[in-house]
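What follows is the residue order along each chain.
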Amino acid sequence: GGAGGGGKTDQGALKRLVEDIYKFDVTAGFREYCEGTAEWADVVAFLDADDRAGWELLEAMLSEPKRTRRSRASPFSEPGG
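Residues numbered from 1 in each chain as written. Predicted model: local features only at pLDDT ≥ 70, side-chain atom pairs only at ≥ 80, totals over all residues. Heavy atoms only, no water.

A.B. asks: What am I meant to see in unusual backbone geometry here?
C.D. replies: It is generally the case that most residues other than glycine have a negative phi and that most peptide bonds are trans. The phi dihedral of phenylalanine 24 falls on the positive side, at around 65 degrees, and the residue is not glycine. As for its placement among the helices and strands, phenylalanine 24 is situated in the loop between helix H1 (11–21) and helix H2 (26–35). Even without a glycine there, the phi angle at aspartate 51 is positive, about 60 degrees. Topologically, aspartate 51 is positioned in helix H3 (residues 41–62). (Helix = DSSP H or I, 4+ residues; strand = E, 2+ residues; numbered from the N terminus.)

In structure tokens form, the structure reads like this:
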């Protein structure tokens, strides 16, 4: 399983969804994708709490300033890689 195929969404599929398909638009586009995917139902409910504060935090974490991201290829990179 990858994204949309049932089962767990692997790291590569998650990276592709957030970075390539939704261009780090976590609070709208990626959230809508997750909302329509049964395996993400609990995550969506959790991140929706407090007026979707969890989605805003997640988006802020993934959209950190470019000057700090230059040292990493992706927020989904393995530590040390």
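A.B. asks: How should the side chain of glutamate 19 be read in this particular structure?
C.D. replies: Mapped onto the secondary structure, glutamate 19 falls in helix H1. Among the polar contacts listed, one links the side chain of glutamate 19 to the side chain of lysine 15, at a separation of 2.8 Å. (Polar contact = N/O pair within 3.5 Å; in protein donor to acceptor, adjacent residues only side chain to side chain.)

A.B. asks: Just to check I follow, could you spell out the pattern of salt bridges for this structure?
C.D. replies: Two side chains carrying opposite charge are able to pair once their charged atoms lie near each other. As enumerated under the stated definition, the model contains four salt bridges in all. Across the pair glutamate 19 and lysine 15 runs a salt bridge, and its minimum N-O distance is 2.8 Å. Taken together, the positions of glutamate 19 and lysine 15, both in helix H1 and four residues apart, correspond to about one turn of that helix. Residue class for lysine 15 comes out partly exposed when judged on its relative accessible area of 31%. Taking the shortest distance from any N to any O, the salt bridge between arginine 31 and aspartate 48 comes out at 2.7 Å. In this pair, arginine 31 is assigned in helix H2 and aspartate 48 in helix H3, connecting sequence segments 17 residues apart. (Salt bridge = Lys/Arg side-chain N within 4 Å of Asp/Glu carboxyl O. Buried < 20%, exposed > 50% of the residue type's maximum accessible area, 1.4 Å probe, protein only.)

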